[in-house]
Amino acid sequence: MDITITPTKTEGVERRLQVSVPAQTVHDAEERAARRYATQVRLPGFRPGKAPAAMVRKRFAEAIRQQALESLVQDAYKEVLEREKLDLATQPHIHDVKFEEGEPLSFELHFEVRPTLELARTSGFRIARPAQEVTDQLVEEQLTALREQRANWTPVDDKPLPEDMVTVLLATADDSGELPAGKEYRIVLGGGQAIAPVEEVIMEAKPGETVERPVRWPDDFPDEAQRGQTKMVRVELQDVKRKVLPDLDDAFAREVGDFESLEALTAAVRKDLAAHLERDADASVRQQLVDEIIAANPFDVPRSWVDQLTNAYAEAYGIPEADRGNFAGEFRQMAERQVRRDLIIDTLAAREKLEATEADLDERVTEVAKERDADPGQIYASLQKAGRLKEIERSITEDKVFKYLTEQNTVE
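Per chain, residue numbering runs from 1 following the sequence as it is written. At least 70 in pLDDT is required for a residue's local features to be given in this predicted model, at least 80 for side-chain atom pairs to be given and counted, and no such filter applies to totals for whole chains, interfaces and linings, which use all residues. The side-chain quantities take in all heavy atoms of the structure and omit both hydrogens and water.

1. Focus on the side chain of Arg 65
Phase 1 of the analysis: Among the structural elements, Arg 65 can be located in helix 3 (residues 61-84).
Phase 2 of the analysis: You can call Arg 65 buried: its relative accessible area is 15%.
Phase 3 of the analysis: In protein, a polar contact requires one atom able to donate a hydrogen and another able to accept it; more generally it is a pair of N or O atoms within 3.5 Å, and residues adjacent in sequence count only if both atoms are side-chain atoms. Within polar-contact distance, the side chain of Arg 65 engages the backbone oxygen of Phe 99 at 2.7 Å.
Phase 4 of the analysis: When sequence neighbours within four positions are dropped, the list of residues in contact with Arg 65 reads Glu 30, Phe 99, Glu 100 and Glu 101. By the criteria applied, helices consist of DSSP H or I runs no shorter than four residues and strands consist of E runs no shorter than two, each listed in order from the N terminus. Only protein chains enter the calculation, and the probe is 1.4 Å; a residue is then buried if its accessible area is under 20% of its type maximum, exposed if over 50%, and partly exposed in between. Any two residues having at least one pair of non-hydrogen atoms within 4.5 Å are treated as being in contact.

Written as C-alpha cells, this is what we have:
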C-alpha cells in the first residue's frame, strides 16, 4: 500500500507515527466501497443490485465514506506493522484522523513497543542473605498463636480488661444532645473497633451496669466532622467474656494435629519456621539480585503493562471503583518493579536457554505426587484442569534463572 510513515515521537518504548494515504488511494477505496454498496442495497423501483451507481453514491455517501475509511485505516495499519517491523506491547490507538473530500487521509498511531533488554551486566554483585536462626522465642510465639486459635471465651462478672470480648448497648448523643436508644455491639477491647475513650467508659462498668458520661472524639478520627467533638455517651454493659488459652501439653498437641506429644509438636513448629525463614531468605536474595540488575541495566517499561497489572491487582483485592485512582498511585511503583522483574526473567531465560522443559514439568509433577502420595498422572490431569500448568512452568523457569544468577554473583 502506498502510504507515507513519519515518526513524530520516539521516547523510550513510546512511539507516535504520522500516517498519510494518498488522495488517489482514498478515491479508489471509495469507488470499491460504492460498488459493494451498489450490489447490496435495495432502492424503490430498482431490482436488488441494479440501482444506478450515481444514485447509490448520493443516497449512501456517508456510509460509503465510512466503509472506505475503515478499510483504509485497517490496510494502512497492516502496512505500518509490516514495514516498521514493530514488536507491539499493546494495541495502538488512532488519533487526529483527517478525512476530507478529495484530500489524502491522515492519522496518527500512538503505541508502545516491547522493550529490548541488553542486560549487559548480570554478574559481579554482592548479595547479603538474611540470617535464618529459629530462636526459642519464635517457636514460643508460634505455639502461643496456635493456642490463641483454640482459645475459649469464658463469661466473667468482673469489669472488662483489654482483650476481653464485651457485648454492649452503645448510644451517642445526636446534634440536639439527646441520647437515642442504644445499639448492640460486640467488641474485643483493644482491637480498634471502638475509639479509646469509649473503651475506657466500657471498662468502668460491670455486666448489667450502665455508665453515662461525655467523651471527646480524637483529633485523628477518620470522619473529619467529628474530630475533637465532645458528645455524651451511654454504655450498658450486657456481658463480658475472657479469653482462656488451652494448656500447652500433650493433649493440646494431639488436638492440634497428628502429634503424640508436645515435644513432637514443638519439633514440627521449629521445622516449619526453619522452612519459612529459608523461603524468606531466598525471596530476599532474589529481590536484591533484581534490584542490582535493574540499577546496572536501566530500561523503560510500557506504561500500559503497568496499568494492566495495577488494574488486575485492584480487581483481585476488590478495590471499589471510586478508590481505584488512589490505589493505582500507591501501587504503581510496585507494579512497575514487577513488570521489570518479569522482563528480566524472560530475557535471561531466553538468552541462557533456561525455560522450563516438558521434562522439568514432569519432574515437578512427580515431586508433588510423591508429597501427596498420589498418582502423577492424576496430579497432572488435575493441574491441567485447574489451569495451573503454566503457573508451574513459570515457577520452574524462575527457579532456573535465579539459580543461574546466584552462581554468577556472590551471596554472603
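2. Here's the deal with helix 7 (residues 262-296)
Residue pairs three or four apart in sequence face the same way in an α-helix, which turns once every 3.6 residues.
Phase 1 of the analysis: An ideal rise of 1.5 Å per residue puts 51 Å on 35 residues; helix 7 measures up with 51 Å between its terminal C-alpha atoms.
Phase 2 of the analysis: Leu 265, Val 269, Leu 273, Ala 281, Val 285, Leu 289, Val 290, Ile 293 and Ile 294 are the residues of helix 7 that are buried.
Phase 3 of the analysis: Looking at the buried residues of helix 7, the elements they touch are strand 5 (126-127), helix 4 (136-149), helix 6 (250-256), helix 9 (324-351), helix 12 (389-408) and strand 11 (410-411). Given a helix with a known number of residues, its expected span is that number minus one, times 1.5 Å.

3. Concerning the packing of helix 1 (residues 23-40) against helix 3
Phase 1 of the analysis: Axis lines are fitted to C-alpha atoms, over the contacting stretch for helices. Their N-to-C directions set the angle, which ranges from 0 to 180 degrees. At their nearest, the axes of helix 1 and helix 3 sit 8 Å apart, and the two run at 125° to each other. One finds that helix 1 runs oblique with respect to helix 3. Along this stretch, helix 1 crosses helix 3, giving a crossing that reads as right-handed. Taking contact as the criterion, the partners of Thr 25, Val 26, Ala 29, Glu 30, Ala 33, Ala 34, Arg 36 and Tyr 37 in helix 1 are, on helix 3, Ala 63, Ile 64, Arg 65, Gln 67, Ala 68 and Leu 72.
Phase 2 of the analysis: Class assignment for the residues of the contact of helix 1 with helix 3 results in 9 nonpolar, 2 polar and 3 charged. What sets the label is the angle itself: under 35 degrees gives roughly parallel, over 145 gives roughly antiparallel, 65 to 115 gives roughly perpendicular, and the rest give oblique. The sense of a crossing depends on the near helix, which, turned anticlockwise from the far helix by less than a right angle, makes the crossing left-handed and, turned clockwise, makes it right-handed. Here the nonpolar group is Ala, Val, Leu, Ile, Met, Phe, Trp, Tyr, Cys and Pro; Asp, Glu, Lys and Arg are the charged ones; every other residue, Gly included, is treated as polar.

4. Quick look at the pattern of salt bridges
Phase 1 of the analysis: Salt bridge, as applied in this entry: a Lys or Arg side-chain nitrogen positioned within 4 Å of an Asp or Glu carboxyl oxygen. Under the defined criterion, the tally for this structure stands at 33 salt bridges.
Phase 2 of the analysis: Of the charged contacts in the structure, one is a salt bridge between Asp 219 and Arg 216, with a shortest N-O distance of 3.0 Å.
Phase 3 of the analysis: Overall, the relative accessible area of 54% leaves Asp 219 in the exposed class.
Phase 4 of the analysis: Between Asp 307 and Arg 332 there is a salt bridge, with its nearest N and O atoms 2.3 Å apart. In this pair, Asp 307 is assigned in helix 8 (residues 303-317) and Arg 332 in helix 9, connecting sequence segments 25 residues apart.
Phase 5 of the analysis: On the basis of relative accessibility, which here comes to 27%, the residue Asp 307 falls in the partly exposed class.
Phase 6 of the analysis: With relative accessibility at 21%, the residue Arg 332 sits in the partly exposed group.

5. Re helix 4
Phase 1 of the analysis: The first and last C-alpha atoms of helix 4 sit 20 Å apart over 14 residues, in line with the 20 Å expected at 1.5 Å per residue.
Phase 2 of the analysis: Of the residues making up helix 4, those classed as buried are Val 139, Leu 143 and Leu 146. Each buried residue of helix 4 sits inside an arc of 55° when the element is viewed along its axis, so together they form one side. Across from the buried face of helix 4, at angles greater than 90 degrees, the exposed residues are Gln 137 and Glu 140.
Phase 3 of the analysis: Considering only its buried residues, helix 4 is in contact with helix 6 and helix 7. This arc describes the spread of directions from the helix axis toward the C-beta atoms.

6. With respect to the packing of aromatic side chains
Aromatic rings in a pair are described by how distant their centres are and how their planes are angled relative to each other.
Phase 1 of the analysis: Only Phe, Tyr and Trp rings take part, Trp by its six-membered ring, and two of them pair if their centres are within 6.5 Å. Stacked means planes under 30 degrees apart, edge-to-face means over 60, and tilted covers everything else. One pass over the full model with this rule turns up 4 aromatic pairs.
Phase 2 of the analysis: With a centroid separation of 4.7 Å and 50° between ring planes, the pair formed by Tyr 313 and Phe 331 is classed as tilted. Highlighted residues: Tyr 313 in helix 8 and Phe 331 in helix 9, separated in sequence by 18 residues.
Phase 3 of the analysis: The exposure class assigned to Tyr 313 is partly exposed, which follows from its relative accessible area of 29%.
Phase 4 of the analysis: By relative accessible area, which is 8% here, Phe 331 ends up buried.

7. So, the environment of Gln 333
Phase 1 of the analysis: Locating Gln 333 in the fold gives a position in helix 9.
Phase 2 of the analysis: A sequence separation of 117 residues divides Gln 333 from Arg 216, and the C-alpha atoms of the two residues are 39 Å apart.

8. Considering the sheet that holds strand 1 (residues 4-11)
Phase 1 of the analysis: At least two bridges found by DSSP between two strands are what make those strands a pair. Read across the open sheet, the 4 strands follow the order 1-2-4-3; overall the sheet is antiparallel. Both edges of this open sheet fall to strand 1 and strand 3 (93-98), since each of them pairs with a single strand only. Neighbour to neighbour, the strand axes of the sheet diverge by 15° on average, direction disregarded.
Phase 2 of the analysis: In this structure, strand 2 (residues 14-21) lies alongside strand 4 (residues 105-112), joined through 8 bridges in antiparallel fashion. Among the inter-strand pairings, Ser 20 is bridged to a residue of strand 4, identified as Ser 106.
Phase 3 of the analysis: Across the sheet, helix 3 is in contact with strand 1, strand 2, strand 3 and strand 4; its angle to strand 4 comes to roughly 50°.

9. Quick look at the nonpolar core
Most often, soluble globular proteins keep nonpolar side chains buried together rather than apart.
Phase 1 of the analysis: Nonpolar cores are built from buried Ala, Val, Leu, Ile, Met, Phe, Trp, Tyr and Cys residues. Side-chain atoms within 4.5 Å join them into one set. Counting 30 residues, the largest nonpolar core has Leu 343, Ile 344, Val 401 and Leu 405 as its most contacted members.
Phase 2 of the analysis: The biggest single contributor to this core is helix 9, with 9 residues.
Phase 3 of the analysis: Not counting chain neighbours up to four residues away, the residues in contact with Leu 405 comprise Thr 122, Leu 289, Ile 293 and Leu 348.
Phase 4 of the analysis: In this structure, Ile 64, Ala 68, Leu 72 and Phe 99 belong to the second largest nonpolar core, which totals 29 residues.

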